[in-house]
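The chain contents come next:
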Amino acid sequence: MKITGENLMPDLRRQVELLCATPVGSVVLDRDFGLDMSFLDEPVSVAVNMAAAEIAVKLEKYIPALRLVRVKADYDQAQDGTVEMEVIVKNVEQ
């Protein structure tokens, strides 16, 4: 998953990467941190939409300085069950 955005500081990029790479329920003192990875079992187009919705909600809760602009999917390898996603965020504090 690629994280991009205008004026995105490296520390905020790392926070988004951590949030998106962490399965919900795996952080001991905060079981809600991370993404619900149930979208991985869905058809590709549904999975991208579910991931986008989940990312938007979790960004608002855990990284309020950022807002989700868009999740862009590269479907080139979709027949293999692989989709590369680009998460585009905006820093609302600048």
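Residues numbered from 1 in each chain as written. Predicted model: local features only at pLDDT ≥ 70, side-chain atom pairs only at ≥ 80, totals over all residues. Heavy atoms only, no water.

Student: What should I look at first to understand the pairing of strand β3 (residues 84–91) in this one?
Tutor: Within a regular strand, the side chains alternate between the two sheet faces. Of all 8 residues in β3, 6 are buried; the element is thus mostly enclosed. With 3 bridges connecting them, strand β1 (residues 2–4) and β3 associate as parallel partners. Within β3, the residue paired with threonine 4 across the bridge is isoleucine 88. Pairing analysis gives 8 bridges linking strand β2 (residues 66–74) to β3, with the strands arranged antiparallel. Among the inter-strand pairings, valine 71 is bridged to a residue of β3, identified as valine 87. (Buried < 20%, exposed > 50% of the residue type's maximum accessible area, 1.4 Å probe, protein only. Helix = DSSP H or I, 4+ residues; strand = E, 2+ residues; numbered from the N terminus. Pairing = 2+ DSSP bridges.)

Student: Whenever I open this one, the packing of helix α1 (residues 10–21) against helix α2 (residues 44–62) confuses me. Can you help?
Tutor: It is the contact of α1 with α2, at a shortest axis distance of 11 Å, that shows an interaxial angle of 125°. Taken together, the axes of α1 and α2 are oblique relative to one another. Like other packed secondary-structure pairs, α1 and α2 cross with a definite hand, here right-handed. Contacts from Val16, Leu19 and Cys20 of α1 reach α2 at Ile55, Lys58, Leu59 and Tyr62. When the residues that make up the contact of α1 with α2 are grouped by side-chain class, the tally is 6 nonpolar, no polar and 1 charged. (Axes fitted to C-alpha atoms, helices over the stretch in contact; angles between N-to-C directions. Parallel < 35°, antiparallel > 145°, perpendicular 65-115°, else oblique. Left-handed = near helix turned anticlockwise from the far one by under 90°. Contact = heavy atoms within 4.5 Å. Nonpolar A, V, L, I, M, F, W, Y, C, P; charged D, E, K, R; others polar.)

Student: Honestly, α1 in this entry has me stumped. Any pointers?
Tutor: In an α-helix, one full turn covers 3.6 residues, which means residues spaced three or four apart are oriented alike. Across its 12 residues, α1 extends 16 Å between first and last C-alpha, which sits within 8% of the 16 Å expected from 1.5 Å per residue. Residues of α1 that are buried: Leu12, Val16, Leu19 and Cys20. Burial along α1 is one-sided: seen end-on, the buried residues are contained in an arc of 95°. Residues of α1 that are exposed and point more than 90 degrees away from the buried face comprise Pro10, Arg14 and Ala21. Taken together, the buried residues of α1 touch β1, α2, β2 and β3. (Expected span 1.5 Å × (residues − 1). Arc of directions from axis to C-beta.)

Student: What is the right way to look at the packing of aromatic side chains in this model?
Tutor: Ring pairs (aromatic) are described by centroid distance and by the angle formed between their planes. For the structure on display, the rule yields 1 aromatic pair. Between phenylalanine 33 and tyrosine 62, the ring centres sit 5.0 Å apart and the planes meet at 80°, which makes this aromatic pair edge-to-face. Here phenylalanine 33 is found in the loop between α1 and α2, whereas its partner tyrosine 62 is found in helix α2, with 29 residues between them in sequence. The exposure class of phenylalanine 33 is buried, given its relative accessible area of 15%. (Phe/Tyr/Trp six-rings, centres within 6.5 Å; stacked < 30°, edge-to-face > 60°.)

Student: Mind showing me how you'd approach the sheet that holds β3 here?
Tutor: The pairing of strands in a sheet comes from backbone hydrogen bonds and takes either a parallel or an antiparallel form. Taken in spatial order, the 3 strands line up as β1-β3-β2 in an open sheet, and their pairing is mixed. The two strands at the open ends of the sheet, each matched to only one other strand, are β1 and β2. Pairs of neighbouring strands in the sheet enclose a mean axial angle of 25°, with direction left out of account. Contacts from α1 reach β1, β2 and β3, with the element oriented near 145° to β1. On the sheet, α2 packs against β2 and β3 and is oriented at approximately 160° with respect to β2.

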